[in-house]
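The primary structure of each chain is shown beneath.
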Amino acid sequence: MNLHEYQAKEIVKRYGLPVSEFAVASSVEEAQKIAEELDLQEAVLKIQVHAGGRGKAGGVKFAKSRKEMGELAQELIGMKMVNQQTGPDGVIAKKVLISKPIDIKKETYLGAVIDRERGTPLLIASSEGGMEIEEMAEKTPDKILKMPFGFDGTLRSFQLLRLTKFMGWSGELAKQGALVAKALARCFIDMDASLLEINPLVETLDGEILALDAKLSLDDNALFRHADIASYYDPSQVSIQEAAARGYDLAYIAMQGNIGCMVNGAGLAMATMDIIQLYGGEPANFLDVGGGASEEKVAEGFRIILSDSHVKAILVNIFGGIMNCATLASGVVKACKEQHIQVPIIVRMEGTNVQKGKEIFQESHLKIQTAEDIKQAAELAVRVVKK
């Protein structure tokens, strides 16, 4: 689950990361009230969306007066941001973060991710900040430090020494930097994060280190341990389909194709999308209904898929291990009848009660095509959308 910058800052601040004073406004009136309460004569306003590149997209503005703060707040609240990260539909900013301008001497980068290859948390640091880490890795890989650390969230003394030397911190600055790194590592582990990024982490003209921005993504599977953080979820930052799927505990990600996919199991779903592309088609979505999907879940999955107007056919690929193929078939038939589905449906099933499932399809007298294997299913799906 992605968090907004202001939410991430609230969390990292609890762990002792130094964050400049800020407030959040969802209206012009709130922005003007914040300016008075924080006694701001100048301010930086940043749209709150789940995407990077806000500055390049015009979502970060500098106000030189209180009057301008109100004018810029009106401009930014409700702004639609479209870039490579948001996709062509973009995302709409419902709020702006307002903070006092900081006199910056130097920008750096500090973050943590899970290293999938090593199976360990990884601290990432760079003496240059303010740009995307991927861009830094491509242009200046020698300026990036990567250090694995333990699942206890602690950094050892030799790691902190290596970090401070790499970043060029000395004296009091090195002490501050070490404390920031320790706090970031602890926060990353405690919050079950998949990404925690401070970019930029700045050195001010007064010799202080501040987190000027913060990006935090949490592992959805661990949200049961963070009931208070689960309320931070913002459905306005995802597609209508993704928001609906979350309500039914369905894993859905919208894509740009025209073949809707309903699959059980993430690995099988990925393979299904791959084979659709192999045969010249384009998947419209990733949808994992899970191992124990009920008829209701299946029906809702169809509603979500068909809410995408680009879908011209649906490929259902189910391996019945935990899932009963008869249950799946009943759900598909029920959905077709209730929703008056007109697009072609191709089903490939294997596993528990597969023969019963096929009988249910035959007795329904609906135009549902069954395939013997995934190769045939993909070929059928691609063929019908290209007619």
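Residues numbered from 1 in each chain as written. Predicted model: local features only at pLDDT ≥ 70, side-chain atom pairs only at ≥ 80, totals over all residues. Heavy atoms only, no water.

Asker: Outline the packing of aromatic side chains, supporting the account with residue identities and numerical values.
Answerer: For the structure on display, the rule yields 1 aromatic pair. Ring centres of F149 and F188 lie 6.3 Å apart, and the angle between their planes is 70 degrees; this geometry places the pair in the edge-to-face category. One end of the pair, F149, is in the loop between β9 (144-148) and α5 (157-167); the other, F188, is in helix α6 (residues 171-190), and 39 residues separate them in sequence. Among the residues examined, F149 registers a relative accessible area of 4% and is labelled buried. On the basis of relative accessibility, which here comes to 1%, the residue F188 falls in the buried class. One cation-aromatic arrangement involves K9 over F22; the distance from NZ or CZ to the ring centre is 5.6 Å. Sitting over the face of the ring of Y233, R246 holds its NZ or CZ atom 3.9 Å from the ring centroid. (Phe/Tyr/Trp six-rings, centres within 6.5 Å; stacked < 30°, edge-to-face > 60°. Helix = DSSP H or I, 4+ residues; strand = E, 2+ residues; numbered from the N terminus. Buried < 20%, exposed > 50% of the residue type's maximum accessible area, 1.4 Å probe, protein only. Lys NZ or Arg CZ within 6 Å of the ring centre and 35° of its normal.)

Asker: I'd like a rundown of the nonpolar core, residues and numbers included.
Answerer: L110, L163 and L218 are the most contacted members of the largest nonpolar core, which has 46 residues in total. Broken down by element, the residue count for this core peaks at 11 residues, all from α6. Excluding residues within four positions of it along the chain, L163 makes contact with L110, L123, A125, L145, M147, W169 and A181. Counting residues in each nonpolar core, the second largest holds 33 residues, with A245, V316, I318 and I345 among its members. (Core = buried A, V, L, I, M, F, W, Y, C linked by side-chain atoms within 4.5 Å. Contact = heavy atoms within 4.5 Å.)

Asker: Just give me the short version of helix α10 (residues 295-306), but keep the residues and values in it.
Answerer: Given 3.6 residues per helical turn, the α-helix brings residues three or four places apart onto the same face. In a regular helix each residue adds 1.5 Å, so 12 residues correspond to 16 Å; α10 covers 17 Å between its end C-alpha atoms and thus fits that length. The set of residues buried in α10 consists of K297, V298, A299, E300, G301, F302, I304 and I305. (Expected span 1.5 Å × (residues − 1).)

Asker: Let's hear about the side chain of Q159: which residues, and what values?
Answerer: Here Q159 lies in helix α5. There is a polar contact of 2.9 Å between the side chain of Q159 and the backbone nitrogen of R156. The residues contacting Q159, other than those within four sequence positions of it, are M147, P148, F149 and T154. (Polar contact = N/O pair within 3.5 Å; in protein donor to acceptor, adjacent residues only side chain to side chain.)

Asker: Describe unusual backbone geometry, naming the residues involved and giving the relevant values.
Answerer: Across the junction of N199 and P200, the peptide omega takes the value 10 degrees, indicating a cis bond. Following the sequence through the fold, P200 ends up in strand β10 (residues 193-204). A positive phi angle, near 55 degrees, is found at D192, a position not held by glycine. If you trace the backbone, D192 turns up in the loop between α6 and β10.

Asker: I'd love a proper account of the packing of helix α9 (residues 266-278) against helix α13 (residues 374-385), names of residues and values included.
Answerer: In the contact formed by α9 and α13, the axes pass within 9 Å of each other and the chain directions differ by 55 degrees. Of the possible angle classes, the one that applies to α9 and α13 is oblique. Considering the relative orientation of α9 and α13, their crossing is right-handed. For the pair α9 and α13, contact is made by T272, I275 and I276 and by I374, K375, A378 and V382, respectively. Taken together, the residues of the contact of α9 with α13 sort by class into 5 nonpolar, 1 polar and 1 charged. (Axes fitted to C-alpha atoms, helices over the stretch in contact; angles between N-to-C directions. Parallel < 35°, antiparallel > 145°, perpendicular 65-115°, else oblique. Left-handed = near helix turned anticlockwise from the far one by under 90°. Nonpolar A, V, L, I, M, F, W, Y, C, P; charged D, E, K, R; others polar.)

Asker: Just give me the short version of the sheet that holds strand β2 (residues 43-47), but keep the residues and values in it.
Answerer: Across the sheet, which stays open at both edges, the 4 strands sit in the order β1-β6-β2-β3 with antiparallel pairing between neighbours. Since the sheet does not close on itself, it has two edges, and those belong to β1 (22-25) and β3 (60-63), each with one partner. Neighbour-to-neighbour, the strand axes of this sheet turn through a mean angle of 25 degrees, independent of strand direction. Relative to strand β6 (residues 96-99), β2 is paired through 4 bridges, and the arrangement is antiparallel. Along β6, the bridge assignment pairs V44 with S99. Each of β1, β2 and β6 is contacted by helix α1 (residues 5-14), which is oriented at about 145 degrees to β1, the strand it contacts most. Those strands touched by helix α3 (residues 66-76) are β2, β3 and β6, and its axis lies near 165 degrees from that of β3. (Pairing = 2+ DSSP bridges.)

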